[in-house]
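Structural overview
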Amino acid sequence: MAFDPNSEIFHDFLQEAGELLEGLNEQLVDLESNPDDSEALNAVFRAFHTIKGGAGFLELSAIVELCHRSEDLFGKIREGQLQLTQEVMDPVLAAVDELNTMFEALQEGVEPASAPAEVLQQLEAMLHGGGAEAAPVEVVAEPEPVVTETVSHSAEDGDDDITDDEFEALLDQLDDSSEGDDLSSSAGFVTDVLLGGDPNDDITDDEFDLLLDALDGEDSPGDVPQAVASATPSPVEDQVEQVVSQQAPSVDTAVTATKKAAVKQESPVVPSKKGGHASKVESSVRVDTRRLDDVMNMVGELVLIRNRFDNLKQSISSEIVDRTISDLNLLTTDIQEVVMRLRMQPVRKVFSRFPRVVRDLAKKLGRKVKLQLVGEETEVDKNLVEELADPLIHLIRNAVDHGIETPDVRLAHGKPAEGTVVLSAEQEGDHILLTIKDDGAGMNPETLRHLAVKRGMMDHETAMQLSNRALFSLIFEPGFSTKKEISDVSGRGVGMDVVKTHISQLNGQVEIDSEVGGGTTISIQVPLTLAIMPTLMVLVGNQNYAIPLPGIMELFERSLVEVGKVGGREVVRLRDRTYPLIYASQLLDEPRIQSADQRVLVIELTGHSLALVVDQVIGQEEVVIKPLGSLLRGMPGYSGATITGDGSVAMILDIAGMISKKMGNEFLAYGDLGEAKGEGMAA
Amino acid sequence: MQTQAAAGQLESGANGIEGGNFVDEEKEVRQHLTFVLGGEEYGFDILRVQEIKGWEVPTVIPNTPKYVKGVINLRGAIVPVIDLRLRFQLEEVRYDELTVVIVLNVHRTDESEDGGQNVTNKVVGVVVDGVSDVCNVELDSIRPAPDFHGIISSDFVTGLTTDNEKMIVLLDIDHLINSGVMSQLDKAFDN
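Residues numbered from 1 in each chain as written. Chains lettered and ligands numbered in written order. Predicted model: local features only at pLDDT ≥ 70, side-chain atom pairs only at ≥ 80, totals over all residues.

Let's talk about the interface of chain A and chain B
To be explicit about the condition: Here the contact rule is simple: place C-beta atoms from the backbone, and any two residues whose C-beta atoms are within 7 Å are in contact. A run of H or I in DSSP counts as a helix once it spans at least four residues, and a run of E counts as a strand once it spans at least two, with each numbered from the N terminus. Throughout this entry, Asp, Glu, Lys and Arg are counted as charged residues, while Ala, Val, Leu, Ile, Met, Phe, Trp, Tyr, Cys and Pro are counted as nonpolar. The remaining residues, Gly among them, count as polar.
Each partner contributes residues to the interface: chain A has 23 residues there, and chain B has 20 residues. The set of elements that each furnish at least two residues to the side of chain A that touches chain B consists of α25 (629-632), β17 (638-643), β18 (649-653) and α26 (655-662) of chain A. Partitioned by chemical class, the residues of the side of chain A that touches chain B number 11 nonpolar, 7 polar and 5 charged.

Comments concerning the packing of helix α1 (residues 8-33) of chain A against helix α2 (residues 38-57) of chain A
All names here are of chain A. Where we set the bar: Note on geometry: axes are lines fitted to C-alpha atoms, helical ones only across the stretch in contact, with angles between N-to-C directions running from 0 to 180 degrees. Our angle categories are set so that under 35 degrees counts as roughly parallel, over 145 as roughly antiparallel, 65 to 115 as roughly perpendicular, and the remainder as oblique. The crossing is said to be left-handed when, going from far helix to near helix, the turn is anticlockwise and less than a right angle, and right-handed when the turn is clockwise.
Look at α1 against α2: their axes get within 9 Å of each other, and the N-to-C directions meet at 150°. Considering their axes alone, α1 and α2 lie roughly antiparallel with respect to each other. For α1 against α2, the interelement crossing comes out left-handed. Contacts between α1 and α2 involve Phe 13, Glu 16, Ala 17, Leu 20, Leu 21, Gly 23, Leu 24, Gln 27, Leu 28, Asp 30 and Leu 31 from the former and Ala 40, Leu 41, Ala 43, Val 44, Ala 47, Thr 50, Ile 51 and Gly 54 from the latter. Looking at the contact of α1 with α2 residue by residue, the class counts come to 13 nonpolar, 4 polar and 2 charged.

Focus on the sheet that holds strand β2 (residues 369-374) of chain A
Residues and elements named next belong to chain A. Put simply, the rule reads: When DSSP finds two or more bridges between two strands, those strands count as paired.
An order of β2-β4-β5-β7-β6 is seen for the 5 strands of this open sheet, with the pairing classed as mixed. The sheet terminates laterally at β2 and β6 (509-515), the two strands that pair on one side only. Here the strands of the sheet are splayed against their neighbours by 15° on average, with no regard to which way each runs.

A closer look at the sheet that holds β17 of chain A
All names here are of chain A. The 5 strands lie next to each other as β16-β8-β9-β18-β17, forming an open sheet whose pairing is mixed. If you trace the sheet from one side to the other, it starts and ends with β16 (616-624) and β17, each paired once. Between one strand axis and the next, the sheet turns by 35° as a mean value, whatever way the strands run. For strand β8 (residues 532-540) and β16, the ladder comprises 8 bridges, and the chain directions are antiparallel. The residue bridging Val 538 from the neighbouring strand is Val 617, located in β16. Strands in contact with helix α14 (residues 289-313) are β8, β16 and β17; relative to β16, the strand with the most contacts, it is inclined by about 150°.

Brief notes about the nonpolar core
Residue and element names in this part refer to chain A. Selection rule: Among buried residues, those of type Ala, Val, Leu, Ile, Met, Phe, Trp, Tyr and Cys that are joined through C-beta atoms within 7 Å form a set called a nonpolar core. Three exposure classes are used. Buried residues have 20 or more other C-beta atoms within 10 Å of their own C-beta, exposed residues have 12 or fewer, and partly exposed residues fall in between, all C-beta atoms being placed from the backbone.
Counting 136 residues, the largest nonpolar core has Ile 396 and Leu 612 as the members making the most contacts within it. Examining the composition of this core, we find that 7 residues originate from one element, helix α18 (residues 382-403), more than from any other. Aside from chain neighbours lying at most four places away, what touches Leu 612 is Ile 582, Ala 584, Val 600, Leu 601, Ile 603 and Ile 655. Membership of the second largest hydrophobic core comes to 34 residues, among which are Ala 17, Ala 55, Leu 84 and Val 88.

Notes on the confidence of the model for chain B
All names here are of chain B. Our working definition: You can read pLDDT as the predictor saying how much it trusts each residue, on a scale of 0 to 100.
Here chain B averages 78 in pLDDT, and 77% of its residues register 70 or above. The spread of mean pLDDT over the elements of chain B runs between helix α1 (residues 2-16), the lowest at 41, and strand β3 (residues 49-54), the highest at 92. The low-confidence segment residues 1-23 (pLDDT under 50) makes 27 contacts with residues lying over four places distant or belonging to another chain. Across the whole predicted complex the pTM is 0.56, and at the interface the ipTM reaches 0.77.

Looking at the packing of α1 of chain A against helix α4 (residues 86-107) of chain A
Residues and elements named next belong to chain A. Taken N-terminus to C-terminus, the directions of α1 and α4 make an angle of 160°; their axes are 11 Å apart at the nearest point. As far as their axial angle goes, α4 and α1 are roughly antiparallel. Remark: the crossing between α1 and α4 carries left-handed chirality. Packed against α1, whose contacting residues are Leu 14, Gly 18, Leu 21, Leu 24, Asn 25, Leu 28 and Glu 32, the element α4 presents Gln 86, Met 89, Val 92, Leu 93, Val 96, Leu 99, Asn 100, Phe 103, Leu 106 and Gln 107 at the interface. Per-class residue counts for the contact of α1 with α4 are 11 nonpolar, 5 polar and 1 charged.

So this is what it looks like as structure tokens:
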């Protein structure tokens, strides 16, 4: 099978091995912090092994070589001959990086070149006495000479295979030897396993690999637990090892099998669970994402047509038309939901790369940081998963770099030396909530206040009025970085405002809370999908605008709202909270009018709580977000456009962006009225 | 600059052969759509013209420069409409039954990360005073534009030609929209 970037097998390999590779980073970092987790160890071993197998089939020797060595290394670790330390992990991670590079080459249709010699050498160095080698091999007690003979004999048989007969003979001899009973049961087990896994008589290295797979329960789920049950405790195993450890490779493998069985014994649930998995019939289909996008677009159009019918309903009054339209309504809603589901992916896809990011960064900065992932199975729209990667990476780097202190500082403050960053995801109604929480130093609001004035963002007086929450939000303003020296990790002051812009482009919100010495929590709320959004259609001037529904808390008739003044600016007070009163007409360059139709929307957005006056509320509408095209992309204040029921275009407003653009610091000058007591309000 | 653009024109003219857009090898011809802008005659390569629409009031986008007239719904796609007359500071701008929107395909070439080139296509509507004609322009007859003081800066001009003794200024659509309009917009959005 020569290298052919167009073959189907090649694509399957890319896909499958690519997924394994993606998981490897996470598993490896996991394993490093938890070296005794035999399940994780096996998973890593298997991943290398599977990639190697596929690459071998496609004759991608560079990948085979790299995987082979990594696999050997982990084989050794599994046998307990090597301790899993950071020194071992570094070359392995380097190898994984190298594999990633090779995969990138493959995706471009280029056959990857061999890995750099030093990566291979480092792996090799670890493989041959990486220092921490456990020693039982050297201390072999004098084995029964007979046994050695037989084994050597079998090994010299021309090929390395042990036939069943030979094995039996070996067993017999073992039986006859002084260790007698115990050994026989153990050896019997070994045969059991071997036979259960592979009906062939010969046990070559390759077949043994198959056997390992079998042990994992893919081929013979039933046999494995049985084998485990018959496995005898460790002393026997040691004896076997003593007898055969220095012999032919085939015998070594038998020992591995015993070890493996012992490992399995520690978690007997695993094989049966896996077995259950394997028996489940494959019922999924891989679909090109572009097709899904097409379907989504068409559903979008369908929703628009439904909206138009809804409009028409008012002009045609017929019961049967009404009923048909409401049927259509129900169906469209269902289809919309199903299609949305199709595009959902677990956030694990983004999360899985973070443990590695944190590990490398922590190492570089001399911190000790543990990353906890919560709710990885939460599902969000595929596009959103990709869009979230950048902002999250930024926030996580920030948490490690700015949040978590160095171990000695932490200890001095009575905290454990190792800091924790928790990244969690959960679904809340029609949006998803992501939080990044660290137990680091936290932010001092007074420092922020001081900095805001120093950076010329506002005058002293305004700064004094800001609440803690408003101060924390300042870090999302452009050019605001609290880190004193510039590191190459973060601290250039470009990060956080980019995060905020990014999130608000996704119609999401960022919120931040912090406690000095207690750590910082950043929460991100984003809608489940990017394609369809519930909005409130409003009229301003003579044009319709759509305002995203999340964020709109309440709706009042204008005449029922009491308007007061604070510092010369209009505010409204609702239930103990005071909001700046903003006219949509002012934001949108329309003349300000007075009409009985006017409504006040109470909107709560990150750092922007306000009461917005619109000229008229038309109603709630699910809109399909249409891209604005490259010409108008990046326009502040709008998150897109949509086509309304009558076929005209309505702009979707990004209120927070519009206010920042239009009012800037003037809005900040309101201070955070929300938390002020609203004293001195002229009723 | 102009000679380069003319060379580009020749190259794309070669493509035109497949479209049957020529007379014979000696006289390659490109069809151009001509239109009036502030009393002057201009031309666009007709292969870039998607359609011509009558003027309809678009949805206004507040807080954008005046020459962005807004967006229209072109069979489900949102298409921005730019008034070239306003962009190039013409005094008298009327919207009447003669005012038309020429819907253009604009190409933008970006360097992609791996060093290759990404060509993206976008659809833009431009408002002009009126469409006059479709004329066959012999590529040989295109003369480089002198530094004249027309409405549209000579940066965006590929060359001059004449049709029935009338001078036609041929415009480079991609350059006009990408640099003449887009970069202006970017500046406006940044402020």
